[in-house]
Amino acid sequence: MRRKRESGLWVMGELQKINKRPGEGLFISFEGPDGAGKTTQARLLKEQLEALGLPVLLTREPGGTPIGEAIRKLLLNPSFKEMTVISEALLYSAARAQLVSTLIRPALDRGEIVLCDRYLDSSLVYQGLAGGEDLEMIAKINLWATGKLLPALTILLDLEARRGLERLQKAETGAAVETWQGDRVEQKELSFHQRVQQGFLQLAAREKERFFVVPAGDKPEVVRAKIWHKMQEILTQKGYL
Ligand code: TMP
(Lines give C-alpha, C1' and ligand atoms only; values in the text may rest on other atoms or scores of the structure.)
Protein backbone atom coordinates (compact mmCIF):
# COMPACT_ATOMS: atom_id res chain seq x y z
CA MET A 1 0.00 0.00 0.00
CA ARG A 2 2.81 2.32 1.00
CA ARG A 3 4.63 1.72 -2.30
CA LYS A 4 1.43 2.30 -4.27
CA ARG A 5 0.77 5.56 -2.44
CA GLU A 6 4.27 6.85 -3.04
CA SER A 7 4.54 5.83 -6.66
CA GLY A 8 2.65 8.90 -7.89
CA LEU A 9 5.48 11.13 -6.77
CA TRP A 10 7.48 10.40 -9.89
CA VAL A 11 5.22 12.86 -11.72
CA MET A 12 6.35 15.67 -9.45
CA GLY A 13 10.00 14.77 -9.92
CA GLU A 14 9.62 14.96 -13.68
CA LEU A 15 7.88 18.29 -13.41
CA GLN A 16 10.65 19.76 -11.31
CA LYS A 17 13.05 19.10 -14.19
CA ILE A 18 10.97 20.82 -16.86
CA ASN A 19 9.44 23.66 -14.91
CA LYS A 20 12.41 25.98 -14.60
CA ARG A 21 11.40 29.31 -16.04
CA PRO A 22 14.24 31.71 -15.40
CA GLY A 23 13.46 35.38 -15.65
CA GLU A 24 9.93 35.46 -14.27
CA GLY A 25 8.80 36.41 -10.76
CA LEU A 26 9.38 34.31 -7.68
CA PHE A 27 6.78 31.83 -6.49
CA ILE A 28 6.96 30.65 -2.88
CA SER A 29 4.53 28.38 -1.06
CA PHE A 30 4.06 27.74 2.65
CA GLU A 31 3.01 24.28 3.74
CA GLY A 32 2.57 22.34 6.96
CA PRO A 33 0.08 20.58 9.21
CA ASP A 34 -2.86 22.53 10.64
CA GLY A 35 -1.72 24.96 13.33
CA ALA A 36 1.94 25.06 12.25
CA GLY A 37 1.86 28.86 11.83
CA LYS A 38 2.00 29.24 8.03
CA THR A 39 -0.42 32.10 7.90
CA THR A 40 1.52 34.12 10.50
CA GLN A 41 4.85 33.45 8.81
CA ALA A 42 3.54 34.24 5.34
CA ARG A 43 2.25 37.57 6.65
CA LEU A 44 5.55 38.37 8.39
CA LEU A 45 7.49 37.58 5.24
CA LYS A 46 5.21 39.77 3.16
CA GLU A 47 5.82 42.70 5.53
CA GLN A 48 9.55 42.15 5.44
CA LEU A 49 9.68 42.04 1.64
CA GLU A 50 7.49 45.11 1.34
CA ALA A 51 9.75 46.99 3.74
CA LEU A 52 12.48 46.47 1.14
CA GLY A 53 10.20 47.92 -1.53
CA LEU A 54 9.71 44.59 -3.30
CA PRO A 55 6.39 43.83 -5.04
CA VAL A 56 4.58 41.03 -3.18
CA LEU A 57 1.30 39.23 -3.61
CA LEU A 58 0.11 37.15 -0.65
CA THR A 59 -2.71 34.71 -1.29
CA ARG A 60 -4.09 31.52 0.18
CA GLU A 61 -5.53 28.14 -0.69
CA PRO A 62 -8.19 27.11 -0.91
CA GLY A 63 -9.34 30.63 -1.72
CA GLY A 64 -7.70 33.80 -2.96
CA THR A 65 -10.37 34.48 -5.62
CA PRO A 66 -14.15 34.91 -5.24
CA ILE A 67 -14.70 31.45 -6.78
CA GLY A 68 -11.92 29.93 -4.66
CA GLU A 69 -13.35 31.44 -1.46
CA ALA A 70 -16.79 30.01 -2.32
CA ILE A 71 -15.20 26.58 -2.87
CA ARG A 72 -13.35 26.99 0.45
CA LYS A 73 -16.68 27.41 2.26
CA LEU A 74 -17.92 24.16 0.71
CA LEU A 75 -14.73 22.28 1.55
CA LEU A 76 -14.45 23.38 5.18
CA ASN A 77 -18.16 23.20 6.06
CA PRO A 78 -18.32 20.82 9.06
CA SER A 79 -21.81 19.65 8.06
CA PHE A 80 -20.54 18.02 4.82
CA LYS A 81 -19.07 15.01 6.57
CA GLU A 82 -20.04 12.74 3.67
CA MET A 83 -17.70 14.47 1.18
CA THR A 84 -15.48 11.87 -0.52
CA VAL A 85 -11.74 12.36 -0.81
CA ILE A 86 -12.00 12.39 -4.62
CA SER A 87 -14.59 15.18 -4.43
CA GLU A 88 -12.23 17.06 -2.14
CA ALA A 89 -9.30 16.61 -4.50
CA LEU A 90 -11.31 17.93 -7.44
CA LEU A 91 -12.66 20.92 -5.52
CA TYR A 92 -9.22 21.91 -4.21
CA SER A 93 -7.80 21.64 -7.71
CA ALA A 94 -10.67 23.70 -9.18
CA ALA A 95 -10.01 26.50 -6.70
CA ARG A 96 -6.29 26.22 -7.52
CA ALA A 97 -6.90 26.43 -11.29
CA GLN A 98 -8.82 29.66 -10.81
CA LEU A 99 -6.18 31.13 -8.51
CA VAL A 100 -3.24 30.29 -10.76
CA SER A 101 -4.75 31.59 -13.97
CA THR A 102 -6.31 34.78 -12.61
CA LEU A 103 -3.91 35.83 -9.85
CA ILE A 104 -0.65 33.91 -9.55
CA ARG A 105 0.42 33.67 -13.20
CA PRO A 106 -0.31 37.32 -13.98
CA ALA A 107 1.62 38.44 -10.86
CA LEU A 108 4.60 36.26 -11.80
CA ASP A 109 4.48 37.62 -15.33
CA ARG A 110 4.73 41.12 -13.82
CA GLY A 111 7.88 39.97 -12.00
CA GLU A 112 6.30 39.95 -8.54
CA ILE A 113 7.04 37.72 -5.57
CA VAL A 114 4.02 35.51 -4.92
CA LEU A 115 3.56 33.99 -1.46
CA CYS A 116 0.91 31.28 -1.31
CA ASP A 117 -0.41 29.95 1.99
CA ARG A 118 -0.68 26.28 0.89
CA TYR A 119 -0.49 24.98 -2.68
CA LEU A 120 -0.62 21.65 -4.49
CA ASP A 121 1.59 19.80 -2.00
CA SER A 122 -1.34 20.09 0.42
CA SER A 123 -3.46 18.04 -2.00
CA LEU A 124 -0.71 15.45 -2.44
CA VAL A 125 -0.52 15.11 1.33
CA TYR A 126 -4.08 15.62 2.66
CA GLN A 127 -5.93 13.78 -0.13
CA GLY A 128 -3.09 11.46 -1.24
CA LEU A 129 -0.61 10.39 1.42
CA ALA A 130 -2.95 10.95 4.40
CA GLY A 131 -6.33 10.60 2.66
CA GLY A 132 -5.39 7.40 0.80
CA GLU A 133 -6.45 8.46 -2.71
CA ASP A 134 -4.43 7.83 -5.88
CA LEU A 135 -1.39 10.05 -5.59
CA GLU A 136 -0.46 9.91 -9.25
CA MET A 137 -3.94 10.96 -10.31
CA ILE A 138 -3.91 13.86 -7.81
CA ALA A 139 -0.53 14.98 -9.13
CA LYS A 140 -1.76 14.82 -12.73
CA ILE A 141 -4.99 16.70 -12.09
CA ASN A 142 -3.05 19.41 -10.31
CA LEU A 143 -0.48 19.74 -13.05
CA TRP A 144 -3.36 20.23 -15.47
CA ALA A 145 -5.09 22.69 -13.11
CA THR A 146 -1.98 24.80 -12.65
CA GLY A 147 -0.47 24.64 -16.13
CA LYS A 148 2.44 22.82 -14.46
CA LEU A 149 3.37 25.69 -12.20
CA LEU A 150 5.48 24.68 -9.21
CA PRO A 151 6.94 26.99 -6.55
CA ALA A 152 10.65 27.80 -6.71
CA LEU A 153 10.69 27.36 -2.93
CA THR A 154 8.32 25.58 -0.57
CA ILE A 155 8.69 26.51 3.07
CA LEU A 156 7.52 23.56 5.15
CA LEU A 157 6.69 24.46 8.74
CA ASP A 158 7.08 21.19 10.54
CA LEU A 159 5.17 20.70 13.76
CA GLU A 160 4.01 17.66 15.66
CA ALA A 161 0.35 17.12 14.73
CA ARG A 162 -1.02 17.22 18.28
CA ARG A 163 0.77 20.49 19.04
CA GLY A 164 -0.63 22.07 15.90
CA LEU A 165 -4.17 21.14 16.82
CA GLU A 166 -3.69 22.38 20.38
CA ARG A 167 -2.45 25.71 19.04
CA LEU A 168 -5.55 26.05 16.86
CA GLN A 169 -7.85 25.19 19.71
CA LYS A 170 -6.28 27.85 21.89
CA ALA A 171 -6.21 30.49 19.16
CA GLU A 172 -9.78 29.94 18.02
CA THR A 173 -11.63 29.49 21.27
CA GLY A 174 -9.29 30.38 24.07
CA ALA A 175 -11.30 27.67 25.78
CA ALA A 176 -10.80 24.10 26.80
CA VAL A 177 -9.81 21.52 24.20
CA GLU A 178 -13.06 19.56 24.76
CA THR A 179 -15.30 22.43 23.65
CA TRP A 180 -13.44 23.10 20.40
CA GLN A 181 -15.17 22.25 17.12
CA GLY A 182 -12.75 23.15 14.28
CA ASP A 183 -13.52 23.04 10.55
CA ARG A 184 -14.24 19.87 8.54
CA VAL A 185 -10.56 19.04 8.10
CA GLU A 186 -9.43 20.03 11.59
CA GLN A 187 -12.11 17.73 13.03
CA LYS A 188 -10.49 14.61 11.54
CA GLU A 189 -8.87 12.18 13.96
CA LEU A 190 -5.36 12.72 15.32
CA SER A 191 -3.93 9.81 13.29
CA PHE A 192 -4.96 11.62 10.08
CA HIS A 193 -3.08 14.74 11.15
CA GLN A 194 -0.07 12.61 12.06
CA ARG A 195 -0.09 11.15 8.52
CA VAL A 196 -0.26 14.71 7.22
CA GLN A 197 2.87 15.71 9.15
CA GLN A 198 4.73 12.61 7.97
CA GLY A 199 3.46 13.06 4.40
CA PHE A 200 4.92 16.55 4.15
CA LEU A 201 8.27 15.30 5.45
CA GLN A 202 8.17 12.52 2.87
CA LEU A 203 7.63 15.02 0.04
CA ALA A 204 10.40 17.24 1.40
CA ALA A 205 12.82 14.31 1.48
CA ARG A 206 12.08 13.59 -2.18
CA GLU A 207 12.42 17.16 -3.38
CA LYS A 208 15.25 18.51 -1.31
CA GLU A 209 15.97 21.35 -3.71
CA ARG A 210 12.49 22.83 -3.58
CA PHE A 211 11.63 22.27 0.10
CA PHE A 212 13.04 24.21 3.03
CA VAL A 213 11.98 22.53 6.27
CA VAL A 214 11.70 24.73 9.36
CA PRO A 215 10.90 23.32 12.82
CA ALA A 216 7.81 25.32 13.77
CA GLY A 217 7.69 24.65 17.52
CA ASP A 218 9.84 27.69 18.34
CA LYS A 219 8.56 31.23 18.92
CA PRO A 220 7.30 32.96 15.74
CA GLU A 221 10.29 35.35 15.81
CA VAL A 222 12.79 32.47 15.76
CA VAL A 223 10.94 30.76 12.89
CA ARG A 224 10.76 34.07 11.03
CA ALA A 225 14.54 34.59 11.32
CA LYS A 226 15.25 31.13 9.87
CA ILE A 227 12.91 31.77 6.94
CA TRP A 228 14.47 35.17 6.31
CA HIS A 229 17.96 33.66 6.25
CA LYS A 230 16.87 31.29 3.48
CA MET A 231 15.01 34.06 1.68
CA GLN A 232 18.07 36.27 1.51
CA GLU A 233 19.87 33.48 -0.32
CA ILE A 234 17.12 33.00 -2.91
CA LEU A 235 16.44 36.74 -3.34
CA THR A 236 20.12 37.31 -4.07
CA GLN A 237 20.18 34.38 -6.50
CA LYS A 238 17.17 35.76 -8.35
CA GLY A 239 18.52 39.29 -8.46
CA TYR A 240 15.96 40.90 -6.14
CA LEU A 241 18.67 41.96 -3.63
P1 TMP B 1 -5.82 26.35 6.00
O2 TMP B 1 -6.33 25.96 7.34
O3 TMP B 1 -4.34 26.27 5.89
O4 TMP B 1 -6.38 27.62 5.52
O5 TMP B 1 -6.33 25.22 4.97
C6 TMP B 1 -7.61 24.75 5.03
C7 TMP B 1 -7.64 23.26 5.18
O8 TMP B 1 -7.70 22.66 3.87
C9 TMP B 1 -6.45 22.63 5.88
O10 TMP B 1 -6.95 21.79 6.91
C11 TMP B 1 -5.78 21.79 4.82
C12 TMP B 1 -6.85 21.53 3.81
N13 TMP B 1 -6.36 21.38 2.44
C14 TMP B 1 -6.42 20.14 1.80
O15 TMP B 1 -6.87 19.16 2.39
N16 TMP B 1 -6.00 20.04 0.51
C17 TMP B 1 -5.53 21.11 -0.20
O18 TMP B 1 -5.15 20.98 -1.37
C19 TMP B 1 -5.45 22.40 0.49
C20 TMP B 1 -4.94 23.60 -0.24
C21 TMP B 1 -5.89 22.48 1.78
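Cut-offs used in this document
- Residues numbered from 1 in each chain as written.
- Predicted model: local features only at pLDDT ≥ 70, side-chain atom pairs only at ≥ 80, totals over all residues.
- Helix = DSSP H or I, 4+ residues; strand = E, 2+ residues; numbered from the N terminus.
- Buried ≥ 20, exposed ≤ 12 C-beta atoms within 10 Å, placed from the backbone.
- Contact = placed C-beta atoms within 7 Å.
- Near = placed C-beta within 6 Å.
- Nonpolar A, V, L, I, M, F, W, Y, C, P; charged D, E, K, R; others polar.
- Pairing = 2+ DSSP bridges.
- Axes fitted to C-alpha atoms, helices over the stretch in contact; angles between N-to-C directions.
- Parallel < 35°, antiparallel > 145°, perpendicular 65-115°, else oblique.
- Left-handed = near helix turned anticlockwise from the far one by under 90°.
- Expected span 1.5 Å × (residues − 1).
- Arc of directions from axis to C-beta.

Peer 1: What am I meant to see in the overall build of the protein chain here?
Peer 2: Scanning the protein chain from N- to C-terminus turns up ten helices and five strands. Relative to its full complement of 241 residues, the protein chain shows a buried share of 37%. Counting only contacts in the protein chain whose residues sit at least 6 apart along the sequence, the fraction spanning at least 24 positions is 81%.

Peer 1: What's the story with the environment of L190 in this structure? I'm lost.
Peer 2: Within the fold, L190 resides in helix α9 (residues 190–206). For the pair formed by L190 and R162, sequence separation is 28 residues and the distance between their alpha carbons is 6.9 Å. If sequence neighbours within four positions are ignored, L190 has contacts with A161 and R162.

Peer 1: Please explain the site of the ligand as it appears in this structure.
Peer 2: Close contacts around the ligand come from D34, E61, P62, Y92, R118, S122, S123, Y126, Q127, V185 and E186, and that covers them all. With four residues, helix α6 (residues 120–129) is the largest single contributor of residues to the shell around the ligand. Residues of the shell around the ligand, tallied by class, amount to four nonpolar, three polar and four charged.

Peer 1: Would you explain the sheet that holds strand β3 (residues 113–117) in this entry?
Peer 2: Backbone-to-backbone hydrogen bonds pair the strands of a sheet. The strands run either parallel or antiparallel. Pairing within the open sheet is parallel, and its five strands lie in the order β2-β3-β1-β4-β5. Two strands in the sheet have a free side with no partner beyond their single neighbour: β2 (56–60) and β5 (211–215). Within the sheet, the average angular offset between the axes of one strand and its neighbour, ignoring direction, is 20°. The strands touched by α9 within the sheet are β1 (26–31), β4 (153–158) and β5, with β4 carrying the most contacts at an inclination of about 145°.

Peer 1: So what exactly am I meant to see when it comes to the packing of α6 against α9 here?
Peer 2: In a pair of packed helices, the angle between the axes and the distance between the axes together describe the arrangement. At their nearest, the axes of α6 and α9 sit 9 Å apart, and the two run at 130° to each other. When the axis of α6 is compared with that of α9, the two are oblique. As α6 runs across α9, the sense of the crossing is right-handed. Where α6 approaches α9, its residues D121, L124, V125, Y126 and L129 are matched on the opposing element by R195, V196, G199, F200, Q202 and L203. Across the contact of α6 with α9, the residue classes tally to seven nonpolar, two polar and two charged.

Peer 1: Sorry, what's going on with helix α8 (residues 161–173) here?
Peer 2: Since there are 3.6 residues in each turn of an α-helix, residues three or four apart along the chain are aligned in direction. Taking 1.5 Å per residue as the helical rise, α8 with its 13 residues ought to reach 18 Å, and the 18 Å between its terminal C-alpha atoms agrees with that figure. Taken residue by residue, α8 has A161, G164, L165 and Q169 as its buried positions. Axial view of α8: buried residues confined to an arc of 135°, hence all on one face.

Peer 1: Looking at this structure, I do not really get unusual backbone geometry. What am I missing?
Peer 2: Across the chain, the bulk of peptide bonds are trans and the bulk of non-glycine residues have phi less than zero. Cis geometry marks the peptide bond from E61 to P62, where omega comes out at -15°. Relative to the helices and strands, P62 resides in the loop between β2 and α4 (66–76). Look at R118: it is not a glycine, yet its phi comes out positive at around 80°. Tracing the chain through its elements places R118 in the loop between β3 and α6. Residue K148 is not a glycine yet carries a positive backbone phi of 65°.

Any link to function would need more than the numbers given here.
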